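Each chain, letter by letter, is given below.
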Amino acid sequence: MDRVLIVDDEKNIRITLAQALSSLSVEVDTAEDGEQALKKVDEHRFAIILLDLRMPGIDGMEVLRRLRDDRPEIPVIIITAHGNIESAVEAMKLGAIEFLPKPFVPEEIRTLVSRVLDRHKLATDEAQDYASCFELAKRCIAERHLDAATEHLRRAIGVDPERPEAFNLLGVIHELHGEQAEAMKNYRVAYHTDATYKPASENMRRAGSMDKHKTPISIGNLRDSQDKN
């Protein structure tokens, strides 16, 4: 059974998340701060970590840094009540694969965790359709295999060039490489492919702003596209 670690200094949040995941076939463990979380990671194998960024003592960013060095294979979902995460791009580089803003609803938690768990069980040779290629690309980003992620995204675009998610995520990869012009180009393509796709418009606005560090990078996810279908 997959084991999930919830790391948050607020007891009510830990309880809410644990209850939300109770219907899934996972074993839930919790930690109230970064120090306790790192100790549990040393003692157990976790399939996924839900991590709050702002905690006393060792905060979420420091936990991400240590996981990058010691356990980079564990996917991490950032939980935060702070929409203006100044270090969003840095968090991506450190292995964060999703951002989950507070407040949230139980179904949102279950869907996200299930999708990430499925993504990390997906074999490369199974990725043939758009959704599988896109999910595999996000897994590769979390594992810092950016070249492989780019290949999967280009395969997704080849399957369906009329969808914006892959173009937007290509823009994110270019930003991680420090290639702002190429990033903006892909954000524009994503936007013109579907002007209602919010992550693309948010990234265009952020990347084109002089005050870039006050708005988080928006990687988007398949839920955005699934809601339209």
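Our structure is the block above this text.
Conventions adopted
- Residues numbered from 1 in each chain as written.
- Predicted model: local features only at pLDDT ≥ 70, side-chain atom pairs only at ≥ 80, totals over all residues.
- Heavy atoms only, no water.
- Phe/Tyr/Trp six-rings, centres within 6.5 Å; stacked < 30°, edge-to-face > 60°.
- Helix = DSSP H or I, 4+ residues; strand = E, 2+ residues; numbered from the N terminus.
- Buried < 20%, exposed > 50% of the residue type's maximum accessible area, 1.4 Å probe, protein only.
- Expected span 1.5 Å × (residues − 1).
- Pairing = 2+ DSSP bridges.
- Right-handed = clockwise from strand over helix to strand, strands pointing away.
- Axes fitted to C-alpha atoms, helices over the stretch in contact; angles between N-to-C directions.
- Contact = heavy atoms within 4.5 Å.
- Salt bridge = Lys/Arg side-chain N within 4 Å of Asp/Glu carboxyl O.
- Core = buried A, V, L, I, M, F, W, Y, C linked by side-chain atoms within 4.5 Å.
- 1 Å grid on protein atoms, 1.4 Å probe; cavity = no way out; pocket = protein on both sides within 12 Å on 5 of 7 lines; lining within 4 Å.
- Points joined across faces, edges and corners; volume = space filled by probe spheres on them.
- Nonpolar A, V, L, I, M, F, W, Y, C, P; charged D, E, K, R; others polar.
- Parallel < 35°, antiparallel > 145°, perpendicular 65-115°, else oblique.
- Left-handed = near helix turned anticlockwise from the far one by under 90°.

Draft legend 1. Fine view of the packing of aromatic side chains. All chains considered together, the criterion is met by 1 aromatic pair. Consider the rings of Tyr-130 and Phe-134, whose centres lie 6.4 Å apart with planes at 10 degrees: the pair is stacked. With Tyr-130 and Phe-134 both in helix α6 (residues 130-142), this residue pair falls 4 residues apart, about one helical turn. Residue Tyr-130 shares its accessibility class with Phe-134, and that shared class is buried.

Draft legend 2. Geometry of helix α8 (residues 165-176). In this model, α8 (12 residues) spans 17 Å end to end at C-alpha, consistent with the 16 Å of a helix rising 1.5 Å per residue. Within the span of α8, buried status applies to Glu-165, Ala-166, Phe-167, Asn-168, Leu-169, Leu-170, Gly-171, Val-172, Ile-173, His-174, Glu-175 and Leu-176. Positive phi shows up at Gly-178, right after α8, with a value of about 80 degrees.

Draft legend 3. The arrangement of the pairing of strand β2 (residues 26-31) in detail. With 6 bridges connecting them, strand β1 (residues 2-7) and β2 associate as parallel partners. Among the inter-strand pairings, Val-7 is bridged to a residue of β2, identified as Ala-31. Taken together, β1, helix α1 (residues 11-20) and β2 constitute a β-α-β crossover, and its handedness is right-handed.

Draft legend 4. The sheet that holds β1, seen in detail. Pairing is parallel in the open sheet, where 5 strands are placed in the order β2-β1-β3-β4-β5. The two strands at the open ends of the sheet, each matched to only one other strand, are β2 and β5 (96-101). This sheet shows a mean twist of 20 degrees between the axes of neighbouring strands, independent of strand direction. Alignment of strand β3 (residues 48-52) against strand β4 (residues 76-80), held across 4 bridges, turns out to be parallel. Each bridged residue has a counterpart across the sheet, and for Ile-49 the counterpart in β4 is Val-76. On top of the sheet, helix α3 (residues 60-70) reaches β3, β4 and β5; it is set at about 150 degrees to β3, its chief contact.

Draft legend 5. Representation of the pattern of salt bridges. Counting across every chain of the model gives 10 salt bridges. The partner of Arg-65 in a salt bridge is Glu-62, and the shortest N-O contact between them spans 3.6 Å. With Arg-65 and Glu-62 both in helix α3 and 3 residues apart, the pair spans about one turn of that helix. For Glu-62, a relative accessible area of 25% gives the class partly exposed.

Draft legend 6. Region of the structure containing the nonpolar core. Core analysis: the biggest nonpolar cluster contains 25 residues, and Ile-141, Ala-149, Leu-153, Ala-166, Leu-169 and Ile-173 have the highest contact counts within it. When residues of this core are traced back to their parent elements, those giving at least two are α6, α7 (146-159), α8, α9 (180-193) and α10 (198-207). In terms of residue count, the dominant contributor to this core is α8 (7 residues).

Draft legend 7. Expanded view of the layout of surface pockets. For the second largest pocket, the calculated volume is near 270 Å³. The wall of the second largest pocket is formed by 13 residues, among which Arg-45, Phe-46, Ala-47, Glu-73 and Pro-75 lie closest to the centre. Its residues placed into classes, the lining of the second largest pocket shows 5 nonpolar, 1 polar and 7 charged.

Draft legend 8. Focus on empty space enclosed by the protein. Applying the stated rule across the entire model yields 2 cavities of 30 Å³ or more. Roughly 60 Å³ of internal volume is contained in the largest cavity. Taken together, Leu-64, Leu-67, Arg-68, Arg-71, Pro-72, Ile-74, Pro-75, Val-76, Leu-94, Gly-95, Ala-142 and Arg-144 form the lining of the largest cavity. Ranked by residues supplied to the lining of the largest cavity, first place goes to α3 with 3 residues. Class assignment of the residues belonging to the lining of the largest cavity gives a composition of 8 nonpolar, 1 polar and 3 charged.

Draft legend 9. Structural view of the packing of α6 against α8. At their nearest, the axes of α6 and α8 sit 11 Å apart, and the two run at 15 degrees to each other. It follows from the interaxial angle that α6 and α8 lie roughly parallel. Of the two elements, α6 crosses α8, and the hand of that crossing is left-handed. On α8, the residues that touch Tyr-130, Phe-134, Lys-138 and Ile-141 of α6 are Glu-165, Ala-166, Leu-169, Ile-173 and Leu-176. Class assignment for the residues of the contact of α6 with α8 results in 7 nonpolar, no polar and 2 charged.

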